[in-house]
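Chain by chain, the residues:
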Amino acid sequence: MRLLERDGELASVRERWRRARGGGGGLVLVGGEAGVGKTALLTAFVDGINASATIVWGVCSPLPTPPPLEPIHEIASQFGRAFAALLADDVALHEVVRALQRELAATSCIVVLDDLQWADEATIDLLRVLIRRIGSTCSLVVGTHRDDEVGLDHPLRRLFGDVARSADA
């Protein structure tokens, strides 16, 4: 897929991936209004990745009450049985974070979490904790969100603050 007028953004995500593969894992957030091409940008990005990287993709649903850890459940099945089984056991959030960190440390991985504006607070909390630990991996987590749906009181704002302060973002 060829993107128009997104060369700078694509280069930024590719550079962050290069740093992650070198042992400086990280988290990137891609924001913009609906239809601006956030998902298309990330699709072009992962299409350009060689087969040596594991790529997992999870999506949040536009429901009034989001399912707990919905995009994490989606990626769990793509990681393998142990991680999926852990989530099925409904364990504490800190155990899910540790297990996800182990998965991200085990291989060079790209995790795409689409439409975080619809994520539940547990997913956002997981990302807030993970950003403090992801630097020790060779993986990159990339999340998308619609700027126009994230008001001042939206829980995702706390993650924005963590990303702004993190050396791994």
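Note that this is a predicted model, so its numbers are computed, not measured. (Residues numbered from 1 in each chain as written. Predicted model: local features only at pLDDT ≥ 70, side-chain atom pairs only at ≥ 80, totals over all residues. Heavy atoms only, no water.)

Asks: What am I meant to see in the pairing of strand E3 (residues 109–114) here?
Replies: Both faces of the sheet carry side chains from a regular strand, because those side chains alternate between them. In terms of burial, E3 is largely enclosed, as six of its six residues are buried. Along E3, one buried face is formed by Cys 109, Val 111 and Leu 113 and the opposite face, lined by Ile 110, Val 112 and Asp 114, is buried too. As paired strands, strand E2 (residues 54–59) and E3 are joined by six bridges and run parallel to one another. Paired with Val 59 across the two strands is Asp 114, which belongs to E3. Where E3 meets strand E4 (residues 140–146), four bridges bridge the pair, whose relative direction is parallel. Paired with Ile 110 across the strands is Leu 140, a residue of E4. Crossover connection from E3 via helix H6 (residues 121–130) to parallel E4: handedness right-handed. (Buried < 20%, exposed > 50% of the residue type's maximum accessible area, 1.4 Å probe, protein only. Helix = DSSP H or I, 4+ residues; strand = E, 2+ residues; numbered from the N terminus. Pairing = 2+ DSSP bridges. Right-handed = clockwise from strand over helix to strand, strands pointing away.)

Asks: Can you help me understand the sheet that holds E4 in this one?
Replies: The strands making up a sheet associate through backbone hydrogen bonding, with each pair oriented either parallel or antiparallel. Pairing within the open sheet is parallel, and its four strands lie in the order E1-E4-E3-E2. Both edges of this open sheet fall to strand E1 (26–32) and E2, since each of them pairs with a single strand only. Across the sheet, the axes of successive neighbouring strands diverge by a mean angle of 15 degrees, strand direction being ignored. Relative to E2, helix H3 (residues 70–79) is tilted by about 150 degrees, and along the sheet it contacts E2 and E3. (Axes fitted to C-alpha atoms, helices over the stretch in contact; angles between N-to-C directions. Contact = heavy atoms within 4.5 Å.)

Asks: Help me out: how do you make sense of the environment of Thr 65 in this one?
Replies: Positionally, Thr 65 belongs in the loop between E2 and H3. For Thr 65, a relative accessible area of 66% corresponds to the exposed category. Separated by 55 residues in sequence, Thr 65 and Asp 120 place their C-alpha atoms 7.8 Å apart.

Asks: What exactly am I supposed to notice about the packing of aromatic side chains here?
Replies: The relative placement of two aromatic rings is captured by the distance of their centres and the angle of their planes. Here the structure, examined in full by the defined rule, presents one aromatic pair. Ring geometry for Phe 79 versus Phe 83: centroids 5.8 Å apart, planes at 85 degrees, classification edge-to-face. Like Phe 83, Phe 79 is buried. (Phe/Tyr/Trp six-rings, centres within 6.5 Å; stacked < 30°, edge-to-face > 60°.)

Asks: Is there a simple way to explain the nonpolar core in this structure?
Replies: Soluble globular proteins tend to bury their nonpolar side chains together. By size, the foremost hydrophobic cluster in this structure holds 33 residues, and its most contacted members are Ile 72, Phe 79, Phe 83, Leu 104, Val 111 and Val 141. Contributing elements (two or more residues each) for this core: H3, helix H4 (81–88), helix H5 (93–106), E3, H6 and helix H7 (156–165). Setting aside residues no more than four positions away along its own chain, Ile 72 makes contact with Phe 83, Leu 87, Val 96, Leu 113 and Leu 126. Residues Val 13, Val 30, Ala 53 and Leu 140 belong to the second largest nonpolar core, which totals 16 residues. (Core = buried A, V, L, I, M, F, W, Y, C linked by side-chain atoms within 4.5 Å.)

Asks: I tried to follow the side chain of Lys 38 on my own but got confused; where do I start?
Replies: Structurally, Lys 38 is set in helix H2 (residues 38–47). One buried charged side chain, Lys 38, makes no salt bridge at all; its nearest oppositely charged neighbour is Asp 115, positioned 5.8 Å away. Separated by 3.3 Å, the side chain of Lys 38 and the backbone oxygen of Gly 32 make a polar contact. Apart from the residues lying within four places of it in its own chain, the contact partners of Lys 38 are Val 30, Gly 31, Gly 32, Glu 33, Thr 144, His 145 and Arg 146. (Lys, Arg positive; Asp, Glu negative; His and termini not counted. Salt bridge = Lys/Arg side-chain N within 4 Å of Asp/Glu carboxyl O. Polar contact = N/O pair within 3.5 Å; in protein donor to acceptor, adjacent residues only side chain to side chain.)

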